[in-house]
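Spelled out, the chains give:
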Amino acid sequence: MKKTFNRHLTALAITAALGISSSVLAAGSSTGSITGSVSGQLSSDIAVLVKNPATGFERTITLDSDGTFRFPQLAIGDYEISVVQAGAVLDTRNIRVTVGSTADARFELARNDMEVISVVAARVSAVDLNASDSGLTIGEAEFDRLPVGRTVTAITLLAPGTVQGESRFGNLASFSGSSVAENVCYINGMNVTDPEKGLGCGTVPFEFYKEFQVKTGGYSAQYGRSTGGVINAVTKSGTNEFEFGATAYYTPDYLGDGQVVKNINGTVYKDTTSNEYTELNVTLSAGGPIIEDNLFFYAMYNPRKSERNYAYPSSVGGLRTRADTYFHDDERSDAFWGLKLDWEINDRNRLSYFGFSDDSTNERTRTAYSTVTHAKDPTANSSLVELKEGGATHTLTFNSDITDDFSMSVLAGRFKTDLSIIPSDSDCPLVADNRPVPTATGCGSGAAVDNNELQRDALRIDFEWALDNHLIRFGYDKETIEAEHTTVPAGGASYTYGQVGAGAIIQGTDYTNNTGGPLDYVAKRVFTGGGKFKTENYAYYIEDVWSVTDQLNLTLGIRSDVATNYGKTGVAFVKLDDQIAPRLGLTYDPSGDGSSKIFANYGEYFFPVPINTNYRTASGIADMTEYLTFSSINGADGTPSGTSLLDTNVNGTGSIPDPGLSAAPEYSAQSLKEYIVGYQTEFNDEYSGTVRATYRTTDNMGDDYCGEEIDPSNQGAICTLFNPGKGHTFAQDVDGDGKIDPGSQRYYTAEELGIPEGKRDYSSVQFELVHRSENLMWTAQYVWSHSYGNNEGGVNSDNLQTDTGVSSFLDFKASAIGANGNLPNDRRHAFKFYGSYSINDDLSVGWNASLIDGRPLSIRGRSFPTDLGYLQPPYGDTYYVFNAATQQYVFNSRGSAGRSPWVFSLDASMTYQFNIGEMDGRVSLDVFNLLDTSQTLAVNELAETQSGTPNPFYGLPMNMQTPRQLRLGLNLAF
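Residues numbered from 1 in each chain as written. Predicted model: local features only at pLDDT ≥ 70, side-chain atom pairs only at ≥ 80, totals over all residues. Heavy atoms only, no water.

This part covers the UniProt feature "domain: TonB-dependent transporter Oar-like beta-barrel" (unreviewed entry) in the protein. Per the UniProt record, "domain: TonB-dependent transporter Oar-like beta-barrel" (unreviewed entry) is found at residues 330–566 and 578–942. Helix makes up 0% of residues 330–566 and strand 70%, with an end-to-end C-alpha separation of 36 Å. Along residues 578–942 the backbone is 4% helical and 46% strand, and the end-to-end C-alpha distance reaches 39 Å. (UniProt positions renumbered as here; feature names shortened; annotations may be inferred. Helix = DSSP H or I, 4+ residues; strand = E, 2+ residues; numbered from the N terminus.)

Attention now moves to the pairing of strand E31 (residues 470–488). Bridging between strand E30 (residues 449–467) and E31 involves 19 bridges; their strand directions are antiparallel. Across the sheet, the residue bridging to Arg460 is Asp477, located in E31. With antiparallel pairing between neighbouring strands as the criterion, E30 and E31 make up a hairpin whose turn holds two residues, including Asp468 at a positive phi of roughly 55°. Sheet topology note: the E31/strand E33 (residues 519–547) ladder contains 18 bridges and is antiparallel. (Pairing = 2+ DSSP bridges.)

A few words on the pairing of strand E42 (residues 687–700). Relative to E42, strand E41 (residues 670–682) runs antiparallel, the two sharing 12 bridges. In the strand pairing of E42, Glu674 is matched with Arg696. Joining the antiparallel neighbours E41 and E42 is a turn of four residues.

Here we come to the packing of aromatic side chains. Inspection of the entire model under this criterion finds 39 aromatic pairs. With centroids separated by 5.9 Å and ring planes inclined at 20°, the aromatic side chains of Phe406 and Phe463 adopt a geometry described as stacked. Of this pair, Phe406 sits in strand E27 (residues 406–418) while Phe463 is found in strand E30, placing the two residues 57 residues apart along the sequence. The partly exposed category is assigned to Phe406, whose relative accessible area is 22%. Here the basic side chain of Lys270 rests over the ring of Tyr269, its NZ or CZ set 4.8 Å away from the ring centre. Taking NZ or CZ as reference, Arg746 lies 4.0 Å from the ring centre of Tyr748, over its face. (Phe/Tyr/Trp six-rings, centres within 6.5 Å; stacked < 30°, edge-to-face > 60°. Buried < 20%, exposed > 50% of the residue type's maximum accessible area, 1.4 Å probe, protein only. Lys NZ or Arg CZ within 6 Å of the ring centre and 35° of its normal.)

Going through the model one piece at a time under the given rule, you end up with 55 salt bridges. One salt bridge connects Arg855 with Glu166, and the closest N-O pair in it is separated by 2.8 Å. Of this pair, Arg855 sits in the loop between strand E51 (843–852) and strand E52 (880–883) while Glu166 sits in the loop between strand E10 (162–164) and strand E11 (173–175); the two residues are 689 residues apart in sequence, bridging distant segments of the chain. Judged on exposure class, the residue Arg855 and its partner Glu166 are both buried. Its salt-bridge partner being Arg899, residue Asp826 comes within 2.3 Å of it at the nearest N-O pair. With a gap of 73 residues between them, Asp826 in the loop between strand E49 (821–822) and strand E50 (829–838) and Arg899 in the loop between strand E53 (888–891) and strand E54 (903–916) connect regions that are remote in the sequence. For Asp826, a relative accessible area of 0% gives the class buried. A relative accessible area of 29% places Arg899 in the partly exposed class. (Salt bridge = Lys/Arg side-chain N within 4 Å of Asp/Glu carboxyl O.)

Read across the open sheet, the four strands follow the order E3-E2-E5-E6; overall the sheet is antiparallel. With partners counted over all chains shown, the strands left at the sheet margins are strand E3 (57–62) and strand E6 (88–97), one partner each. Across the sheet, the mean angle from the axis of one strand to that of its neighbour is 20°, orientation sign disregarded. (Axes fitted to C-alpha atoms, helices over the stretch in contact; angles between N-to-C directions.)

Following the criterion strictly, the structure yields three disulfides and no others. Two residues share a disulfide in this structure: Cys185 and Cys201, whose sulfurs sit 1.9 Å from each other. Of this pair, Cys185 sits in strand E12 (residues 184–187) while Cys201 sits in the loop between strand E13 (190–191) and strand E14 (209–217), and the two are 16 residues apart along the sequence. The disulfide partner of Cys428 is Cys443, and the gap between their sulfur atoms is 2.2 Å. Its S-S torsion of approximately -125° makes the covalent link between Cys428 and Cys443 left-handed. Remark: Cys443 occurs in the loop between strand E29 (430–433) and E30 and Cys428 occurs in the loop between strand E28 (421–423) and E29; sequence separation between them is 15 residues. By relative accessible area, Cys443 is classed as partly exposed at 31%. For the protein, the bonded cysteines pair up as 1-2, 3-4, 5-6 when numbered in the order they occur along the sequence. (Disulfide = S-S within 2.5 Å.)

Structure, rendered in structure tokens:
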């Protein structure tokens, strides 16, 4: 009997979650609401009662004059909603409240022949009539049945309009064409987005998650600081029933074989035959009442261990130019924890504490590797690097329904993370050899000593006021991010060996190779500096959800953000106070019964300057590169001997720049406009469908510019934040003392600068069909989309650069020539099909399949013609390649090399439930990449290692699908 009950609850939960977009409560909310109406034969003694059987919470409210009712700020979970008269229950319905959503319940009353009022019709709608946004809400009842990775990104990729981003940025998703660095993540209302670059989120033990809300567009004025998507997660909480749990998930090594990728000459580029990955993940949990009906706890402890071993080039910078000549043994052995306390002070007030730690250290051992023997060199020395990640988070949240019509929510929290990199061999410099026949090797990892600790303090106050047909929301949201980030190069400098073709120019210099043949050289770079700095962001918003009629709802909102970035000296170098973001939404119920809706949404969104920009632009980074010829290479540490200076490039003097050198006074935040229109309907009790069209266009792009107007030498010694395609005031600092040179500051019109406007446009049409019944649940999606422009956004997949907001895309005018085209996150066609089927009460199977179009491919080089009227870019990719034999420059615009192959993936799972006495159990088997397909995910698009020197690995796969792998799971609940 217990299993049957659980099975019906599971069906209810999935019915509430599958394919339902959430309401304007939106991202960051950790609660939901119930609204509805009672029509027909009404009397003054009729009221509505809502009850959560798990916690004992219950509340009764009277009807408004028009028969409507609303229960705000309910903890997510299963509720009973009843119509009562003089204390007698006329009817009860079960309803599921999901995160950020508004569930709708409708009752119709009538008098029978004996003049007794009874409920003659009742309906709980699966269509949220208050929502005009886009996305997905999914609960544990569903994702426990699906073969998905135990990561936030794996859940995110189930939503339409999301695709896998460039793997070198981490396991992250792109939303609606945006870069992976423009998303924002919340857990229980707290912003846990990476505060440095926006690359990823803090995370609790996966078993701690109760529900996810993934929003791909159309979010409320309550939330901002994102031009991508929103991931909002809510954790489990305690109830009146004591529960204890234990889970164990074991992932053995890959079942499929790796690959050896060779160029036309037989030289190995990538070797995955020795790659291995294993993981053991255990959780212990306990929850229940401290004081029945009032005070609850839920705690989880998550010891885990993983080992990942893989071949790799000598450095991150060599991913496109060097073979896998080193082997990384990565080992993590950490314990996460999480705790949730909920105090139901009374039926109107709740106080919650939430804390967790995801602090971890990746111990990486680096050893020389042979692509001939497919093994590590037993005679080579190994080096160790510690890569830190994560930290502790603590939040307090207070929810109060001050009256039936007025409520308040207050959140205060602190999120800390440590992203430091600590090498054990800090005396050994980084050595990389890009020559056709490399011979130079270093004595250690070459990793710089990078101390990087960050902290976000958050405070937000939100109010809700139900006033006749208006639901008015307003509030205040503040975040302060502090960072301490310093970098010291290992061995004092890094050394990159290269070869320049005859007649070609070494990029970054004025040197032309007139020797008549190829010339070997070495670039000695010193990059050091940093300090303490902070950013402050705050916003006010107001929003009116107006029920114009029973069938028409309008959402009218506006948000005003202010963001200030402070440099090393504590002086603000940029203040963005012009971020006025209107948010407009519309829903129309054409049938009048809540079974369908037409919806539309318009919104403007802003993306603040990440704190990594404070480090790169306003902390006094010294960055100097000397280009040298050499006579020999030291075999002990790979450093050159017998050097002779060819040229010097200064990309940073070490002086802390004046604010006018760090950012142009006209600089404004990156922003985009979004338009959504769609239709959602329930065909019957089992099928629902949605069609949606989305258009996004950047109104303003932010980047940094280092051209001759700022640095007459065009070396990039000073780079200033600006908006491409707009007029700006720039200044110079020729002597490198950090002060604006007298008389050098002047305004340049957009025409004088001649820099193209930074642009990213995204169009899509989405189709979704959802089936839900007691035994079978599935979702089918098709998305046609097009992402086009000249700037991906926060990060740059073209050259794998992770400096969010200050990529090399527009450092120099020449860099943008040819950049217009299909952008890296353009996936023209995407099919997704996932679901689960209960064979009987004990056994179920699940699947997750996708077929995704490939990404656009380009041909990029390190060359640029001297006769186009532009100065030579001292670094970075261009869209020109120099043919040393013909002495001609060949132009190839973005996306002109076609596309990578389509990628098909099929994952499958089987779950068996059992009972032993009072213990419920579940065993599971997940198979990822069931068919062991090995399609290319990314291609090497760099055609030159230096001007006139072809890259021997151009056009080869850089990243392939992960081989087939199993995951075994055991879940016990007492």
